[in-house]
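# Results of the structural survey
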Amino acid sequence: MLHRVNTCLHLQPFPDGGGTLAQTTRETSFIDKMKKTGKNIVVFYGSQTGTAEEFANRLAKDAHRYGMKGMSADPEEYDMSELSRLPEIENSLAIFCMATYGEGDPTDNSQDFYDWLQEGDADFTGVKYTVFALGNKTYEHYNAMGKYVDQRLAELGAQRIFDLGMGDDDGNLEEDFVSWREQFWPAVCEHFGVEATGEESSIRQYELKVHSDLNMNKIYTGELGRLKSFENQKPPFDSKNPFLAPVTVNRKLNKAGDRHLMHLELDITGSKIRYESGDHVAVYPINDSVIVNRIGEVLGVDLDTPLSHVCAVVRITEALCHYSDIKTVSFPDTLFLISQALYQSWVLDSCRNILAILEDFPSLRPPIDHLCELLPRLQARYYSIASSSKVHPNSIHICAVVVEYKTKTGRVNKGVATNWLKNKMPADNGHKATVPMYIRKSQFRLPFKSSNPVIMIGPGTGIAPFMGFVQERSWLKEQGKEVGETVLYYGCRHKNEDFLYQEELDEFEKTGVLTALNVAFSRDQADKVYVQHLLKKNKEAVWRLVHTDNAHIYICGDARNMARDVQNAFYEIAEELGGLSRAQAVDYIKKLMTKGRYSQDVWS
């Protein structure tokens, strides 16, 4: 139960700390902003899921300990050609935390910066910089964006003052970052001839304040940019202005078993949103109110208390529901309070989120502003679109599995977005269940020539983009176009339990849209059978399609195991039927990737 109070305690997220809410008016000159606010370090981030942004905020805060002042910055919001003016500021430094997305691509917010770097011929003489790259070794183009920015800035005359840092999400990204950071700051001190002050950062995202009056119409209720943007929707829709899409379908896909696999349909009628098969839909979830209320109860705070921002106001309940990642089990700043080993075992290995920590550590009762300071921002979740806009121009389909698991402490942790989506049921009473969403463009595309064969490999929810692909190939056939062989390799646990979209796929096979439907039921027999086993079983047909018929290969699903195993299967087929050595087979697949004939939409 939320109780309203007369006193107005407010929380003020300061703009330079990487606050959660977008400013309504922005300066495009980061140089002018640095001069006005006395900053000499700017930390740019190319971030898709929020980790690079979080690292940038931490580096900006670090600067204070070394007698310097830092600010984090989104390159999308500033004129990056001004980088050449950085030497105007004494002892200045530009840090870049750059994540790589997909097949070696820049993140959405760093795309313009990347394009400008490629096309431009700026003179960065006198600019001092360093780069920390975020990536995943299971991807072919590991840390490509970070490597490119590091190399390109040097080519344009900038001075690298510390070596490129490489973070691997397949290992321990946090550990890689902390290790790099511990060596980076002493190098900065030595370069600029400054000494560590030992003072903690004065940059705060949040500060508890008391206000005597407040206009209740100025309160944010989950918007990411413009106040009241959810009440008065205006295109174009993007990450800072998502569209509230009504849920028209929400059905369980699996027939049995203890998991919940679901199919949702979002209505985008009238939004002017366009998408293509292979794109991703980003959704902004809301945290579980039960957990939010429990945090309020444990800390003894009234969740209805309004919290203020320079240009925005939220209540504590909105701050925790919409803007803070209360389910995260990664609290990097606690590394300063406990040993790495204890942090690893007690927090990470035991999957303790902030509520679990508060419940198991009764003496720990931080003020609400400090708690919000510690928690990372709640980020959008991305799903491969399971439909074709040629067939469903006003509807976007999502296929997802609800995340739920038991931790070592006996608690049940639930995925934020999937559990929230699970409860988004279409209503008959006129009240629409809506999802804030936008489209993220992808390079995962069907061949330009429809006559090219395609081999699609997607076990589990990796089937999602291929539902769109098959729908599109069916539509192309109906238009009288020549459509090449369309082969699908799908995998699930049991035929009678979790064979997703079985009826639709059987129908596509019956009508000849799907030339071949190969399904691996991993647990329906004594020995487990996976998609890579079926590929090797059908090696002659696979090699003919790839080597002779110019087939395009598509893989969607788990990067850590499945994508790697499938790639090894292709190596083995190339070795056996192409007469290649392993090194030649690896090179053969790499060339397919370069030509855009081997594409992956994978996650770890």
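Note that the structure is predicted; figures quoted are calculated from it, not measured. (Residues numbered from 1 in each chain as written. Predicted model: local features only at pLDDT ≥ 70, side-chain atom pairs only at ≥ 80, totals over all residues. Heavy atoms only, no water.)

## A short note on the packing of aromatic side chains
This is how it is decided: In summary, the pairing rule links any two rings of Phe, Tyr or Trp, Trp by its six-membered ring, whose centres are within 6.5 Å, and it sorts them by plane angle into stacked for under 30 degrees, edge-to-face for over 60 and tilted for everything else. Where helices and strands are cited, they refer to DSSP runs of H or I of at least four residues and of E of at least two residues respectively, numbered from the N terminus. Buried means the residue's accessible area, taken with a 1.4 Å probe over protein chains only, is under 20% of the maximum for its type, while exposed means over 50%, and partly exposed covers the values in between.
Across all of its chains, the model carries 29 aromatic pairs by this definition. An angle of 25° between the planes, with centres 5.3 Å apart, marks the rings of F44 and F96 as stacked. Taken together, the residues F44 in strand β2 (residues 41-46) and F96 in strand β4 (residues 93-101) connect sequence positions 52 residues apart. Considered together, F44 and F96 belong to a single accessibility category, that of buried residues. Ring centres of F444 and F466 lie 6.0 Å apart, and the angle between their planes is 45°; this geometry places the pair in the tilted category.

## Focus: helix α4 (residues 144-155)
The cut-off we apply is this: Take the number of residues in a helix, subtract one, and multiply by 1.5 Å to get its expected span. Residues count as neighbours in contact if any of their non-hydrogen atoms are within 4.5 Å of one another.
Between its first and last C-alpha atoms α4 spans 16 Å; for 12 residues at 1.5 Å apiece the expected length is 16 Å, and the two agree. The inward-facing, buried residues of α4 abut β4, β5 (105-106), α3 (111-119), β6 (128-135) and β7 (159-160).

## Examining the side chain of H260
As for its placement among the helices and strands, H260 is situated in the loop between β10 (243-252) and β11 (261-267). Assessed through its relative accessible area of 19%, H260 is described here as buried. H260 has contacts with K252, N254, A400, V401, V402 and K422, leaving out every residue within four places of it along the chain.

## Structural notes on the nonpolar core
Spelled out, the test is: Here, the term nonpolar core denotes a set of buried Ala, Val, Leu, Ile, Met, Phe, Trp, Tyr and Cys residues that are joined through side-chain atoms within 4.5 Å.
I457, Y489, I555, V566, F570 and Y598 are the most contacted members of the largest nonpolar core, which has 31 residues in total. When residues of this core are assigned to their parent elements, the largest contribution, eight residues, is made by helix α17 (residues 559-578). Once you skip the residues sitting within four places of it in the chain, I555 turns out to touch F444, I457, F466, M562, A563, V566, Y598, S599, Q600, D601 and V602. Membership of the second largest hydrophobic core comes to 29 residues, among which are L253, A386, F499 and F521.

## Points about the sheet that holds strand β12 (residues 280-283)
Going by this rule: Think of it this way: DSSP has to see at least two bridges between two strands before they count as a pair. As a rule, the C-alpha atoms of each element are fitted with a line to give its axis, helices using only the stretch in contact, and angles between N-to-C directions run from 0 to 180 degrees.
Here we have six strands laid out as an open sheet, ordered β15-β12-β19-β10-β11-β16, and antiparallel in their pairing. Of all strands in the sheet, those with a lone pairing partner are β15 (381-384) and β16 (395-401), marking the two edges. For this sheet the average axis-to-axis angle between neighbouring strands, irrespective of direction, equals 40°.

## Some points on unusual backbone geometry
Excluding glycine, residues mostly carry a negative phi; peptide bonds, for their part, are mostly trans. Each neighbour pair has its own omega, and for P235 with P236 the value is 0°, a cis peptide bond. In this structure, N143 takes a positive phi of about 55° despite not being glycine. Its location among the elements puts N143 in the loop between β6 and α4. A positive phi angle, near 60°, is found at N550, a position not held by glycine. Looking at where N550 falls in the secondary structure, it is placed in the loop between α16 (539-548) and β23 (552-558). For N550, a relative accessible area of 40% gives the class partly exposed.

## Focus on the pairing of β6
So the rule is basically this: We call a crossover right-handed when, viewed with both strands directed away from the observer, the connection leading from the first strand over the helix to the second proceeds clockwise.
Across the eight residues that make up β6, a large majority, seven, are buried. Pairing between β6 and β7: two bridges, direction parallel. From the neighbouring strand, K128 faces β7, where its bridge partner is Q159. Handedness of the β6-α4-β7 crossover: right-handed. Two strands pair when backbone bridges link them, and β6 and strand β8 (residues 165-168) are joined in this way by four bridges, in the parallel orientation. Within β8, the position partnered with F132 by the bridge is G165.

## Structural notes on the pattern of salt bridges
Going by this rule: Just to be clear on terms, a salt bridge is a Lys or Arg side-chain nitrogen sitting within 4 Å of an Asp or Glu carboxyl oxygen.
A full pass over the atoms with the stated rule returns 37 salt bridges. E318 is paired through a salt bridge with R315; the nearest N and O atoms lie 2.8 Å apart. Look at E318 and you get buried, because its relative accessible area is 9%. Exposure remark for R315: the relative accessible area of 15% places this residue in the buried category. K536 is the salt-bridge partner of E572, the closest N and O atoms lying 3.2 Å from each other. Remark: K536 occurs in helix α15 (residues 531-537) and E572 occurs in helix α17; sequence separation between them is 36 residues. Note on K536: relative accessible area 31%, which makes it partly exposed.

## Focus: the sheet that holds β23
Read across the open sheet, the five strands follow the order β22-β21-β20-β23-β24; overall the sheet is parallel. The two strands at the open ends of the sheet, each matched to only one other strand, are β22 (516-521) and β24 (598-603). Across the sheet, the mean angle from the axis of one strand to that of its neighbour is 10°, orientation sign disregarded.

## A word on the packing of α17 against helix α18 (residues 582-594)
Quick note on the threshold: Definitions for this section: a left-handed crossing has its near helix turned counterclockwise from the far helix by less than a right angle. A right-handed crossing has that turn clockwise. Residue polarity is assigned by list, with Asp, Glu, Lys and Arg as charged and Ala, Val, Leu, Ile, Met, Phe, Trp, Tyr, Cys and Pro as nonpolar; anything else, Gly included, falls into the polar class.
Where α17 contacts α18, the two axes come as close as 9 Å, and the packing angle between them is 120°. Relative to α18, the crossing made by α17 is right-handed. Across the interface between the two elements, Q567, N568, F570, Y571, E572, A574 and E575 from α17 touch R582, A585, V586, I589 and M593 from α18. Of the residues in the contact of α17 with α18, the class split is seven nonpolar, two polar and three charged.

## Regarding the packing of helix α12 (residues 464-478) against helix α14 (residues 502-510)
As a packed pair, α12 and α14 sit with axes 12 Å apart at the nearest point and diverge in direction by 35°. As for how α12 packs across α14, the hand of that crossing is left-handed. Contacts between α12 and α14 pair M467, V470, Q471 and S474 from the former with E504, L505 and F508 from the latter. Tallied by class, residues from the contact of α12 with α14 come to four nonpolar, two polar and one charged.

## So, the side chain of T130
Threshold: Here a polar contact means two N or O atoms within 3.5 Å. Within protein one must be a hydrogen donor candidate and the other an acceptor candidate, and residues neighboring in sequence count only if both atoms are side-chain atoms.
In this structure, T130 sits in strand β6. Look at T130 and you get buried, because its relative accessible area is 0%. A polar side-chain atom of T130 sits 3.0 Å from the main-chain carbonyl oxygen of F162. Setting aside residues up to four positions removed in sequence, T130 forms contacts with L93, A94, I95, F96, F162, D163, W180 and F184.

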